[in-house]
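Examining the three-dimensional arrangement
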Amino acid sequence: MGMNEFRGFWRRYHRSRTAVMGLVLVAFFSVLAVIGPYVAPTSPYQLGTEPLAVPSSSHPMGTDQLGREIYSQVLYGARTSLGIGFLAAITSTVIGVLVGAVSGYVGGRVDNVLMRVTEVFMMIPQFFLLLVLITLFGSSMFNLIIVIGLLSWPGTARLVRAEFLTLKESEFVEACRAIGASRSHIIFSEILPNASPPIIVSGSLHVGSAIIMEAGLSFLGMGAPDIISWGTVLNNAQRFIMSHWHVSFFPGLFIFLTCMGLNMMGDGLNDALNPRLKSQ
Amino acid sequence: MKNYVLRRLIAAVPLVFAVVIFNFILIHAAPGDPVLLLTGEYTPTPELRAAIEEKFGLNKPLGEQILLYVGYILRGDLGESIKFRRPVLTVIGERIGPTFLLMGISITMSIALGVLLGVAAARRPNSTIDSLASSLSVFGWSIPIFWLAQLLMIVFAVNLRMFPTTGMTSVKEPLIGLAQVLDVMWHLFLPSLTIALLRTAQTFRLTRASMLEVLGQDFILTARSKGLSERTTLFKHALKNAMRPIITMTGLQFGTMLAGATMVEIVYSWPGMGRLIYEAAIARDYPLLMGVYFLSSLLVFVANLVTDIVHAFYDPRVRLE
């Protein structure tokens, strides 16, 4: 994207107030994920003398049953949750792009087989399979990223396939073929850049859904055992929900605001990257 | 119509078969001893090991093993639950009713409300009701369902004491007749509200988008210029054409809804199938875990089949495709 194109994109993007708000939220939580552990007042594991304290000036978000600061847990958790979200979204986007590109460009029998596989993956109860895979293969941060990524690609694949089906008939691709460009050059260097706007949009939406999936698994106690994420804090909180609302309120709020930011940003990107759709 | 249903049923067979094969691959690809996964015994006695190897043909070629496995599944033999010491299918049978009740009510509520709001918003884009519903739907779209369940519980069950926090019935006095129905509905209210709120947000977004597209078409202009009432134009002409993505989504999202129901069942201790898969995972009850997973995949297929048939019933064009 050149400077002028970027200016045009930004002009369209910042027209929408929700899109800008989404960007601010995403930027805020991304910064938090990077600096969180450095600004946290205590270690999230450090036991305190006041168990289950309500939020106050000395404990901004209260403490849990062992007197550990919820505030510190949430700050440390930001890195895990966003990290898993981004890496899982990248994994699923890469798989989706590969499947969709091959399917759309090669066509024929290959396309047929790949699309049937995609359909089966779309219909599988994703979260249950996630639960089964994590139970069978064990839970670690790496496994969570891979498994969430492996289960979330079908939507991207269908999207990329549709883009490729249209673009492969266009004249610039015809021209590339005429001068003898290789297939992989056409797919990755010619068509893919032109198909990138919807891929970026769906990628940003996937970050949010991956964060929710990880949080859901951790909430069930199936998350990686050696890390702190927003979901693991919520899992612990479920036991005290009757008496101490603050233990579950803050980690949930952070998941919610991050995902809302990502969704609003995704919507905004969609409108700004597809000026044609917007004018309709 | 009959033809269409038959065609869909035949097309579903290979898909179901794919799910069975996938289950088989999972058991065999998992690290560790397949005997452990099939029986849950960490130290199986030689007799048990021999019996399982015989039953599933573990020493025979892979092709034969698959056939044996498919045979057991066709006969409804999903193995025995380790935790409950009873056949998996029986255990699931006891838990499937509450989940259906919970999901049935939430889906009905959310479709009714979401479609009504969507139609109202699409009729007057950028009106008060549109912007209000649209911004609320952003909330519903991003909120983690287990957190929403916890919040509703904190506000309405713990603080206002309007609803119970756990279970499906009041344990103290066994009720009968109408009293029992009312008691279950009282327990059902918050769990189903949680799912319904989330689904309403999504149904609303979809209905609004779909209606906006349909309302811009010529036949709507024709209907209006014929002097049809606004209600007839909106509901008979526009909505009927805009329902397609809504019906399709209900089928496609059935698996996601089951997952959402799982979370809600856990927060509210609702004795359903979602809670069961959680209990199975925590207890490492592999036969039960695989059984619930397999049956829920089947349910998703059936849900898709049903939505397709409903759709064909509703829209003759689909039947002829």
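Residues numbered from 1 in each chain as written. Chains lettered and ligands numbered in written order. Predicted model: local features only at pLDDT ≥ 70, side-chain atom pairs only at ≥ 80, totals over all residues.

1. Brief notes about the overall build of chain B
How we decide: Runs of E in the DSSP output that reach at least two residues are strands. Runs of H or I that reach at least four are helices, and both are numbered from the N terminus. The burial criterion counts other C-beta atoms lying within 10 Å of a residue's C-beta, which is placed from the backbone; the residue is buried at 20 or more, exposed at 12 or fewer, and partly exposed between these limits. Here contacts are defined at the residue level, using C-beta atoms placed from the backbone and a cut-off of 7 Å between them.
For chain B, the count of helices and strands is 14 helices and zero strands. If you list the helices and strands of chain B from N to C, you get α-α-α-α-α-α-α-α-α-α-α-α-α-α. A principal-axis box enclosing the C-alpha atoms of chain B has dimensions of 80 × 55 × 40 Å. Residue burial in chain B is summarised as follows: out of 321 residues, 37% are buried. Sequence-distant contacts, at least 24 apart, represent 69% of the contacts inside chain B between residues at least 6 apart.

2. Some thoughts on the overall build of chain A
Looking only at helices and strands, chain A has 13 helices and zero strands in total. When its helices and strands are written in sequence order, chain A yields α-α-α-α-α-α-α-α-α-α-α-α-α. Along the first, second and third principal axes, the C-alpha atoms of chain A reach 75 × 45 × 30 Å. The buried share among the 280 residues of chain A stands at 48%. Taking all contacts inside chain A whose residues are at least 6 apart in sequence as the whole, residues at least 24 apart take part in 72%.

3. Things to note about unusual backbone geometry
Residues and elements named next belong to chain B. Unusually for a residue other than glycine, Arg85 sits at a positive phi of about 55°. Position of Arg85 relative to the elements: it lies in the loop between helix 4 (62-74) and helix 5 (88-123). In this structure Arg85 comes out as exposed when scored by C-beta crowding, with 8 C-beta atoms within 10 Å. One non-glycine residue with positive phi stands out, namely Arg284, at about 55°. Inspection of the secondary structure assignment puts Arg284 in the loop between helix 12 (273-282) and helix 13 (286-314). Note on Arg284: 16 C-beta atoms within 10 Å, which makes it partly exposed.

4. Description of the packing of helix 5 of chain B against helix 13 of chain B
Residues and elements named next belong to chain B. Using the following cut-off: Lines fitted to C-alpha atoms define the axes, with helix axes restricted to the stretch in contact, and inter-axis angles between N-to-C directions lie between 0 and 180 degrees. By definition in this entry, angles of less than 35 degrees are roughly parallel, angles greater than 145 are roughly antiparallel, angles of 65 to 115 are roughly perpendicular, and the rest are oblique. Handedness of a crossing follows from how the near helix is turned relative to the far one, being left-handed for an anticlockwise turn of less than a right angle and right-handed for a clockwise one. Under the convention adopted here, Pro, Cys and the residues Ala, Val, Leu, Ile, Met, Phe, Trp and Tyr are nonpolar, Asp, Glu, Lys and Arg are charged, and Gly plus all remaining residues are polar.
Between helix 5 and helix 13, whose axes approach to 10 Å, the crossing angle comes to 55°. If you check the angle between helix 5 and helix 13, you find them oblique. In this structure, helix 5 meets helix 13 at a crossing whose hand is right-handed. In this structure, helix 5 contributes Val88, Val91 and Ile92 to the contact, and helix 13 contributes Pro287, Leu288, Gly291, Val292 and Leu295. For the contact of helix 5 with helix 13, the residue count by class is seven nonpolar, one polar and no charged.

5. What about the interface of chain A and chain B?
Interface size is commonly expressed as the accessible surface area that is lost when the partners come together. The interface is formed by 34 residues belonging to chain A together with 37 residues belonging to chain B. Where the side of chain A that touches chain B is concerned, the elements lending two or more residues are helix 4 (108-123), helix 5 (126-137), helix 10 (196-219) and helix 12 (246-273) of chain A. Of the residues belonging to the side of chain A that touches chain B, the class tally is 26 nonpolar, eight polar and no charged.

6. Structural notes on the nonpolar core
In plain terms, the rule: A set of buried residues drawn from Ala, Val, Leu, Ile, Met, Phe, Trp, Tyr and Cys, joined through C-beta atoms within 7 Å, is what defines a nonpolar core.
By size, the foremost hydrophobic cluster in this structure holds 138 residues, and its most contacted members are A:Val74, A:Leu130, B:Ala149, B:Ile277, B:Leu289 and B:Val292. Ranked by size, the runner-up nonpolar core spans eleven residues in total, among them A:Tyr105, A:Val160, A:Ile187 and A:Ala195.

7. Overview of the packing of helix 7 (residues 154-167) of chain A against helix 10 of chain A
Residue and element names in this part refer to chain A. It is at 10 Å that the axes of helix 7 and helix 10 come closest, and there the two elements cross at 170°. As summarised for this structure, helix 7 and helix 10 are arranged roughly antiparallel, according to the angle between their axes. Along its contact with helix 7, which presents Gly155, Thr156, Leu159, Val160 and Glu163, the element helix 10 presents Pro198, Ile199 and Ser202.

8. Comments concerning helix 7 (residues 145-159) of chain B
Here is the rule: Every helix has an expected span of 1.5 Å times one less than the residues it contains. What is called the bend at a residue is the angle between a pair of axes, fitted to the seven residues leading up to and ending at it and to the seven starting from it.
Over its 15 residues, helix 7 of chain B extends 20 Å from the first C-alpha to the last, a length consistent with the 21 Å expected when each residue adds 1.5 Å. Of all the bends in helix 7 of chain B, the largest measures some 35° and sits at B:Met153. B:Ile145, B:Phe146, B:Trp147, B:Leu148, B:Ala149, B:Gln150, B:Leu151, B:Leu152 and B:Met153 are the residues of helix 7 of chain B that are buried. Buried residues belonging to helix 7 of chain B abut helix 10, helix 11 (230-237) and helix 12 of chain A together with helix 8 (177-215) and helix 11 (254-267) of chain B. Positioned one or two residues after helix 7 of chain B, B:Arg161 has a phi angle of 55°, which is positive.

9. With respect to helix 8 of chain B
Counted at 1.5 Å a residue, the expected span for helix 8 of chain B with its 39 residues is 57 Å, but the 47 Å between its end C-alpha atoms falls short. For helix 8 of chain B, the principal kink sits at B:Phe189 and spans about 40°; a proline, B:Pro191, occurs within the next four residues.

10. Points about the environment of B:Thr222
As for its position among the elements, B:Thr222 is in helix 9 (residues 218-225). Each C-alpha atom of the pair B:Thr222 and B:Lys236 lies 13 Å from the other, and the pair is 14 residues apart in sequence.

11. Focus on the environment of B:Ile309
Residues and elements named next belong to chain B. Take Ile309: it is sitting in helix 13. Between the alpha carbons of Ile309 and Glu54 there is a distance of 42 Å; along the sequence they are 255 residues apart. Those residues in contact with Ile309 that sit more than four places away from it in its chain are Val5 and Arg8.

12. Thoughts on the confidence of the model for chain B
This is how it is decided: One confidence number per residue, pLDDT, is output by the predictor and ranges from 0 to 100.
Residues at a pLDDT of 70 or more form 98% of chain B, whose mean pLDDT is 84. Least confident of the elements in chain B is helix 14 (residues 316-320) of chain B, whose mean pLDDT is 73; most confident is helix 5 of chain B, at 91.

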